[in-house]
Amino acid sequence: MTCTYAPEAPPRQSSARSPSASVGTWTLAHRPEAAGEARKITKELLAQWSVAEDAADSVLLTVSELVTNAVEHARPPLHFQLSVDPGTQRVHIEVSDGGPAALDGDWAVSCTPDEHGRGLEIVNQLTAAHGDRAEPGRAVRWADVTSVP
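Everything quoted here is computed from the prediction, not taken from an experiment.

Section: the nonpolar core
For step 1, the next point in the chain: Of all hydrophobic cores here, the largest spans 28 residues; its most connected members are V67, F80 and I93.
For step 2, the next point in the chain: Sorting the residues of this core by element identifies α1 (34-48), α2 (53-73), β3 (78-85), β4 (90-97) and β6 (138-146) as the ones contributing at least two each.
For step 3, the next point in the chain: Sort the elements by how many residues they give to this core and α2 lands first, with nine residues.
For step 4, the next point in the chain: Filtering out sequence-adjacent residues up to four positions away, V67 remains in contact with L28, A34, A35, A38, L78, F80 and V95.

Next comes the structure, spelled out in structure tokens:
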């Protein structure tokens, strides 16, 4: 099942990219530092791809939210994919994990109830489209950010 929010564009039906798209994939350690590692990778690629500063900020925050959610609420393994498609002028983010964890991570457990649930609202505000899909043995959360203002 795919759940999608897309105020500006139709949902992605597959992970296919145009021939001119640049793609990178990484396996991250399933620990809190993974979000920082993903941001570092993202920042370097966005500079290489000449993504506008406002869009880069949105991509970095979206990456942080998706990776943090995977660490706090899902099982390993944790994979991160980032691509840019000059044809659609979007940066595509995918974070996959081993599916829901039986227990939340240390940070999520230590939070009060009013500290939860803001991540998806942040992603809603920053992205042109986002969603999730279940695949055999893993869950994938994705988001598209328009890369030019």
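Further notes follow.
Quick look at the pattern of salt bridges
For step 1, the next point in the chain: Under the criterion given, the structure shown has five salt bridges.
For step 2, the next point in the chain: The partner of D97 in a salt bridge is R141, with the nearest N and O atoms 3.1 Å apart. With D97 in strand β4 and R141 in strand β6, this residue pair connects regions lying 44 residues apart in the sequence.
For step 3, the next point in the chain: A relative accessible area of 1% places D97 in the buried class.

What about the packing of α2 against helix α4 (residues 119-126)?
For step 1, the next point in the chain: One can describe the packing of α2 onto α4 by two numbers: an axis separation of 10 Å at closest approach and a directional angle of 155 degrees. The angle between α2 and α4 falls in the class roughly antiparallel. In this structure, α2 crosses over α4, and the sense of that crossing is left-handed. Where α2 approaches α4, its residues S58, L61, T62, E65 and L66 are matched on the opposing element by G119, I122, V123 and L126.

Some details on the confidence of the model for the chain
For step 1, the next point in the chain: Here the chain averages 81 in pLDDT, and 75% of its residues register 70 or above.
For step 2, the next point in the chain: β4 holds the highest mean pLDDT among the elements of the chain, 96, whereas strand β1 (residues 2-5) holds the lowest, 39.
For step 3, the next point in the chain: Every residue in residues 107-111 is under pLDDT 50, and counting partners more than four places away or in other chains gives seven contacts.

The rules behind each value
Along each chain, the written sequence defines residue order, and numbers are assigned to residues from 1. At least 70 in pLDDT is required for a residue's local features to be given in this predicted model, at least 80 for side-chain atom pairs to be given and counted, and no such filter applies to totals for whole chains, interfaces and linings, which use all residues. Side-chain metrics rest on all non-hydrogen atoms present in the structure, leaving aside hydrogens and water. We define the nonpolar core as a collection of buried residues of types Ala, Val, Leu, Ile, Met, Phe, Trp, Tyr and Cys that are connected through side-chain atoms lying within 4.5 Å of one another. Here's how the labels work: a residue is buried when its accessible area is under 20% of the maximum for its type, exposed when over 50%, partly exposed in between, all with a 1.4 Å probe on protein chains only. Only DSSP runs of H or I covering at least 4 residues are called helices, and only runs of E covering at least 2 are called strands; the numbering of each starts at the N terminus. The contact criterion used is simple: two residues touch if any of their non-hydrogen atoms lie within 4.5 Å. Think of a salt bridge as a Lys or Arg side-chain nitrogen and an Asp or Glu carboxyl oxygen that are within 4 Å of each other. Axis lines are fitted through C-alpha atoms, for helices just across the contact stretch, and the angle between N-to-C directions can take any value from 0 to 180 degrees. Small angles under 35 degrees read as roughly parallel and large ones over 145 as roughly antiparallel, with 65 to 115 read as roughly perpendicular and the rest as oblique. It is the rotation of the near helix from the far one that decides the hand of a crossing: anticlockwise by less than a right angle makes it left-handed, clockwise makes it right-handed. pLDDT is a residue-level measure of predictor confidence that goes from 0 to 100.

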